[in-house]
Amino acid sequence: MPRVRPRLRLALILAGLAGLAFVAAAIPRLVPHRRSGVHAERTAAPREVSTRRVRAALAPDPELPLDLAETDVLVAMVCTFRRDQLEPYGQTRPTSPFLNLLARHGVLFEHAIVQSSWTRPSTGSLVTGRWAQVLQLDDPGDEAFHNRALAPDFVTIAEAMSAQGYRTIGASGNPNISSTFGFDQGFDAYHEPESLWRDSSGPAPTGAELNAQLLAELDATPSDQRVYLQGFYVDTHAPRRPATKALRKVQVEGDSTPRRVLAYDAALLTLDAHLAELYLEVKRRRPNLLFIVVGDHGEGLTWPAHHGKGHGNYLYTSSVDVPFLWFHPALPEPGRRIEGLSMGIDLAPTILELLGGTFPVPVDGSSQAKALLGESERSSHDLAFTQTYFRRSDKTAVLGQGYHLIRDRAAGGEQAMYDLDEALQTDDVSGNHPTVQGLLAEELDQWEQRVARSLQRQGGPVEGQPSKGMLEQLRTLGYIE
Ligand SMILES: [Zn+2]
């Protein structure tokens, strides 16, 4: 062993200790970073939202004009948004404090039926007001993935608002709702977070990322320029990696809710905080704001088992009856709940009509502006229709007369019927009420024929060109097997 002088030995020992101390100090920072990278942000606990601030931002003002010349519009679309997990729709555990306040100060639709149970066709219906199958965004068959894109001849809300002089700003966290599939149609600026493409096997972008992009674009817009903002949020979409803190918050002692449902609820609580921040920040910049929150579909959560795990294959209310909330300071009687049936296809015509305009082309939905303005207590539909045409699934459904009739076309037209008041749809009552079942089946026949005729009038489907990375992301999200 070489001889080391005492002074040098001391210096070496000190240097070694300093090195150890440095490494020890760095461990807490290095470990979570290495373990999770982008994941860390996704699992971050939601920031506390000040109830006082939210209440102040939801104050009524009957004098504020609700019109195309002066009102800014913010639409938050939430992917995988299960109605019965939200406090304003009866959830007793604390999953959604902001949305609960929003419903108490705004207007809530009791039943909003989306036109498909998976993202691309359902969102196509939301933004165009057209039946899902007419848009040809479905993914039938079990062979190669279909790259169906929104055809440019359909008119989107963004295009309609742009024609009214609005600057249109969009952001999407789901590759299905990207420019590749035509969903940037009508937008002056459309953001698809880089992490979506860069890290194809990683988690989808968080609400915080989408908020930052929407707000940056808003800040770059002159304040006298009206804006239409549309965000597509994926925080509640699987795979879900909720923060422990959020999980603890949604749990109630003695409650036997399964862990997978709690994981969904924790993700929902995180989303709720992102939506609160989005609303507060946009509202601060644009006080005359119309704010809408809507889901593109729900989630089965195997809760109960026959509803399936995810979405796309079934048409139970857990998948197709979504949260639908509106707020503007001038809407009368805050806290109103609109009974009856509304649909996803109503969103586009309702926005335009509520602001004193009309949607520029005929649509399949109808405006619910009368209900929002307190001129009607119910939404305008007696019947609501939905379908899924996804991989091996080919189902249609009609809701009305207090019942929900589901037809499995892939199984030779087999039918199941549920009482609309029986939320979890465990009791198939088909055969027990032959008159109403016959009537609903006839309505469903006629609707299927109407949609088939509309489809014939369309040109062929348009194909997008997804990159390898995007296909990988779609696989991660469960859209490709
Ligand atoms: Zn979705």
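Residues numbered from 1 in each chain as written. Predicted model: local features only at pLDDT ≥ 70, side-chain atom pairs only at ≥ 80, totals over all residues. Heavy atoms only, no water.

Further remarks concern the confidence of the model for the protein chain. Residue-level pLDDT values for the protein chain average 89, and 87% of them are 70 or greater. Taken as a whole, residues 19-42 scores under 50 in pLDDT and shows 19 contacts with residues more than four places along the chain or in a different chain. (pLDDT = per-residue confidence, 0-100. Contact = heavy atoms within 4.5 Å.)

Take the layout of surface pockets next. It is the rolling of a water-molecule-sized probe over the atoms that shows where space remains empty. Considering only enclosed or pocket space, the largest pocket measures out at about 430 Å³ in volume. Along the walls of the largest pocket sit 22 residues, with Ala238, Glu299, Lys309, Gly310 and His311 positioned nearest its centre. Taken together, the elements giving at least two residues each to the lining of the largest pocket come down to α11 (259-285) and β12 (384-391). A per-class count over the lining of the largest pocket returns eight nonpolar, nine polar and five charged. (1 Å grid on protein atoms, 1.4 Å probe; cavity = no way out; pocket = protein on both sides within 12 Å on 5 of 7 lines; lining within 4 Å. Points joined across faces, edges and corners; volume = space filled by probe spheres on them. Helix = DSSP H or I, 4+ residues; strand = E, 2+ residues; numbered from the N terminus. Nonpolar A, V, L, I, M, F, W, Y, C, P; charged D, E, K, R; others polar.)

Moving on: the sheet that holds strand β14 (residues 403-408). Ordered in space as β3-β12-β13-β14-β15, the five strands form an open sheet in which the pairing is mixed. Each edge of the open sheet carries a strand with a single partner, namely β3 (139-140) and β15 (414-419). Running at roughly 55 degrees to β14, helix α15 (residues 434-456) makes contact with β12, β13 (393-400), β14 and β15 of the sheet. (Pairing = 2+ DSSP bridges. Axes fitted to C-alpha atoms, helices over the stretch in contact; angles between N-to-C directions.)

Protein ligation of the zinc ion involves Cys79 (SG), Thr119 (OG1), Asp296 (OD) and His297 (NE2), the donor distances falling in the range 2.0 to 2.1 Å. One can describe the donor arrangement at the zinc ion as tetrahedral, given that its four donor atoms subtend angles of 96 to 122 degrees at the metal. Positions of the donor residues of the zinc ion along the chain correspond to the pattern C-x39-T-x176-D-H. With a gap of 178 residues between them, Thr119 in helix α5 (residues 119-128) and His297 in the loop between β8 (289-295) and α12 (317-320) connect regions that are remote in the sequence. (Donors = N, O, S within 2.8 Å, 3.2 Å for Na, K, Ca; no water. Tetrahedral: all angles 85-135°; square planar, octahedral: opposite > 155°, others 65-115°.)

Glancing now at the packing of helix α9 (residues 207-219) against α11. Contact pair α9 / α11: the axes reach a minimum separation of 9 Å and the direction vectors enclose 10 degrees. With respect to α11, the element α9 is oriented roughly parallel. Listed contacts from α11 to Gly207, Ala208, Asn211, Leu214, Leu215, Leu218 and Asp219 of α9 are His274, Glu277, Leu278, Glu281, Val282 and Arg285. A breakdown of the residues in the contact of α9 with α11 according to their chemical character gives six nonpolar, three polar and four charged. (Parallel < 35°, antiparallel > 145°, perpendicular 65-115°, else oblique.)

Turning our attention to the packing of helix α4 (residues 97-105) against α11. Across the interface, α4 lies against α11 with an axial gap of 7 Å and an inter-helix angle of 55 degrees. By the angle between their axes, α4 is oblique relative to α11. When α4 is examined against α11, the residues Pro97, Phe98 and Leu99 are found in contact with a partner set consisting of Leu269, Asp272, Leu275, Ala276 and Tyr279. Of the residues belonging to the contact of α4 with α11, the class tally is seven nonpolar, no polar and one charged.

Once that is clear, we can look at unusual backbone geometry. The omega torsion across Ala238 and Pro239 is 0 degrees, close enough to zero to call that bond cis. Note that Pro239 resides in the loop between β7 (227-233) and α10 (244-250). The peptide bond linking Trp303 to Pro304 adopts the cis configuration, its omega dihedral lying at 0 degrees. With respect to the helices, strands and loops of the structure, Pro304 is situated in the loop between β8 and α12. In this structure, Gln136 is a non-glycine residue whose phi angle is positive, near 55 degrees. Considering the arrangement of structural elements, one finds Gln136 in the loop between α6 (132-135) and β3. Residues other than glycine seldom take positive phi values, yet Glu333 does so here, at roughly 45 degrees. With respect to the helices and strands, Glu333 occurs in the loop between β10 (324-327) and β11 (336-343). Residue Glu333 is classed as exposed on the basis of its relative accessible area, which comes to 52%. (Buried < 20%, exposed > 50% of the residue type's maximum accessible area, 1.4 Å probe, protein only.)

Turning next to the packing of aromatic side chains. Going through the model one piece at a time under the given rule, you end up with 14 aromatic pairs. Seen from their ring centres, Trp131 and Trp447 are 5.3 Å apart, and the 80 degrees between their planes marks the pair as edge-to-face. Of this pair, Trp131 sits in the loop between α5 and α6 while Trp447 sits in helix α15, placing them 316 residues apart in sequence. Using a relative accessible area of 8% as the deciding quantity, one classes Trp131 as buried. Taking the centre distance of 4.9 Å and the plane angle of 25 degrees together, the rings of Tyr279 and Phe291 count as stacked. Remark: Phe291 occurs in strand β8 and Tyr279 occurs in helix α11; sequence separation between them is 12 residues. Put simply, the rings of Phe98, Tyr279, Phe291 and Phe327 touch in pairs and so form one group of aromatic residues. Sitting over the ring of Phe181, Arg120 keeps its end group 3.7 Å from the ring centre. (Phe/Tyr/Trp six-rings, centres within 6.5 Å; stacked < 30°, edge-to-face > 60°. Lys NZ or Arg CZ within 6 Å of the ring centre and 35° of its normal.)

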